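Read off the chains here:
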Amino acid sequence: MVQLKYIKRVVLALSNSPVYGGQAQLEGVMFGGKEHTITAIRRNDDSIDYYHYKKVQNPILQKLKKIPLVRGVVALIESAGLGSRHMQFSGDRYDVTPGEEEEHKEEGSRLQMILGVAVVGILSFLFGKFAFTLIPVFIADFFSKWIEGKTGQILLESGIKLILLLTYLYFISLTPLIKRVFQYHGAEHKVINCYEAGMDVTVENVQAQSRLHYRCGSSFMLFTVFVGMFLYFFVPTDPLWLRLLDRILLIPVVLGISFEVLQATNACRNIPVLRFLGYPGLWLQLLTTREPKDDQVEVAIASFNMLLQVEQQPEIAATLNHD
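### Focus: the nonpolar core
Phase 1: If you look at the biggest cluster of nonpolar residues, it comprises 35 residues, and the most contacted ones within it are F31 and V191.
Phase 2: Of all the secondary structure elements, the ones that give two or more residues to this core are β2 (28–32), β3 (36–42), β4 (48–54), α3 (70–93), α8 (176–196) and α13 (294–312).
Phase 3: Residue contributions to this core peak at nine residues, all from α13.
Phase 4: Ignoring sequence-local partners within four residues, the contact set of V191 consists of F31, V201, V206, A300, I301 and F304.

Next comes the structure, spelled out in structure tokens:
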């Protein structure tokens, strides 16, 4: 009974507090609230530049976001489109001397020019999800002569998916550019952890925080592997064409359930008996985050503070870079 009351207090506290999220960018961090998103990047002259984008409050989407399972898919697609806008800003400016942006700005691809940055970001997300879902099916089917049966095939498929995920993350983390992005990812988590702990958001306090966070998208990627594995036991694996069709049709279901699992583990993170449920996702973040340097934390703090300012004084947004 005491444990149940504690859970209710945690959920109530989370529901009454503003929830902020973010994404690492090239030499910067994006933070977003209910209506506004802000990216701060470190320019090559050591200055900090900002980009603002106000979320589109579509009535239909707002209703869909209140429906369990459906809200996760909507949030992910929205996040992919929104993140692409901010990534384009950081990619166009982070290594360009201020004042020379137009001279160095590369022409976008024809697809991007026709469809727009947000749509291309969503298409890239969907393509990646389809590839990540279907490639393990073909590999597992190749070994069907040696590993037969539904259970063996599903376990093999899920194992291959997990190996592909870990291998991909490990090798991209070795590149200098992505390593710095992962450092900014760590800075983003540290700022959120500092804020949610009720501490002053200073470099010293932020650096004392963990670079891991229960609500991270990295945890979500891992949850899709395990959620998918359990769901696949309820659909046929033979013949191959039906297996592929099932995997495609189940993608939104897997995404929706994984999102709910992510939210649940975050709500339970302060409950001793249940906090371990989010540990696998935290372990994966050991690959997708790195300890940031003080100057990187400064950029993350600048982004977060600017977001808070814009939320209190929306007119400030007009002074920032925006679409």
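### Quick notes on the sheet that holds β4
Phase 1: Within the open sheet, the five strands sit side by side as β1-β2-β3-β4-β5. Their pairing is mixed. In the strand order of this sheet, the two ends are held by β1 (21–25) and β5 (321–322), each with one partner.
Phase 2: Judged from the seven bridges that link them, β3 and β4 form a sheet pairing that is antiparallel. Across the sheet, R42 pairs through a bridge with I48, a residue of β4.
Phase 3: Strand contacts of α8: β1, β2 and β3, with the helix running at about 160 degrees to β1, the strand carrying the most contacts.
Phase 4: Across the face of the sheet, α13 comes into contact with β2, β3 and β4 while running at roughly 150 degrees to β3.

### As for the pairing of β1
Phase 1: Where β1 and β2 come together, five bridges link them in antiparallel fashion. Considered in β2, the bridge of G22 is made with F31.
Phase 2: Count of turn residues in the β1/β2 antiparallel hairpin: two residues, of which E27 carries a positive phi of about 60 degrees.

### Observations regarding the pattern of salt bridges
Oppositely charged side chains may form a pair once their charged atoms are brought near each other.
Phase 1: Under the definition given, this model contains 11 salt bridges.
Phase 2: Across the pair E157 and R243 runs a salt bridge, and its minimum N-O distance is 2.9 Å. In this pair, E157 sits in helix α7 (residues 150–172) while R243 sits in helix α11 (residues 240–267), placing the two residues 86 residues apart along the sequence.
Phase 3: For R243, a relative accessible area of 1% translates into the label buried.
Phase 4: Between R211 and E291 there is a salt bridge whose closest N-O contact spans 3.8 Å. Taken as a pair, R211 in the loop between α9 (203–207) and α10 (217–232) and E291 in the loop between α12 (279–288) and α13 lie far apart in primary sequence, 80 residues in all.
Phase 5: For E291, a relative accessible area of 42% translates into the label partly exposed.
Phase 6: Shared partners join several salt bridges into a network, and the residues in it are R42, D46 and E298.

Definitions and cut-offs
- Residues numbered from 1 in each chain as written.
- Predicted model: local features only at pLDDT ≥ 70, side-chain atom pairs only at ≥ 80, totals over all residues.
- Heavy atoms only, no water.
- Core = buried A, V, L, I, M, F, W, Y, C linked by side-chain atoms within 4.5 Å.
- Buried < 20%, exposed > 50% of the residue type's maximum accessible area, 1.4 Å probe, protein only.
- Helix = DSSP H or I, 4+ residues; strand = E, 2+ residues; numbered from the N terminus.
- Contact = heavy atoms within 4.5 Å.
- Pairing = 2+ DSSP bridges.
- Axes fitted to C-alpha atoms, helices over the stretch in contact; angles between N-to-C directions.
- Salt bridge = Lys/Arg side-chain N within 4 Å of Asp/Glu carboxyl O.

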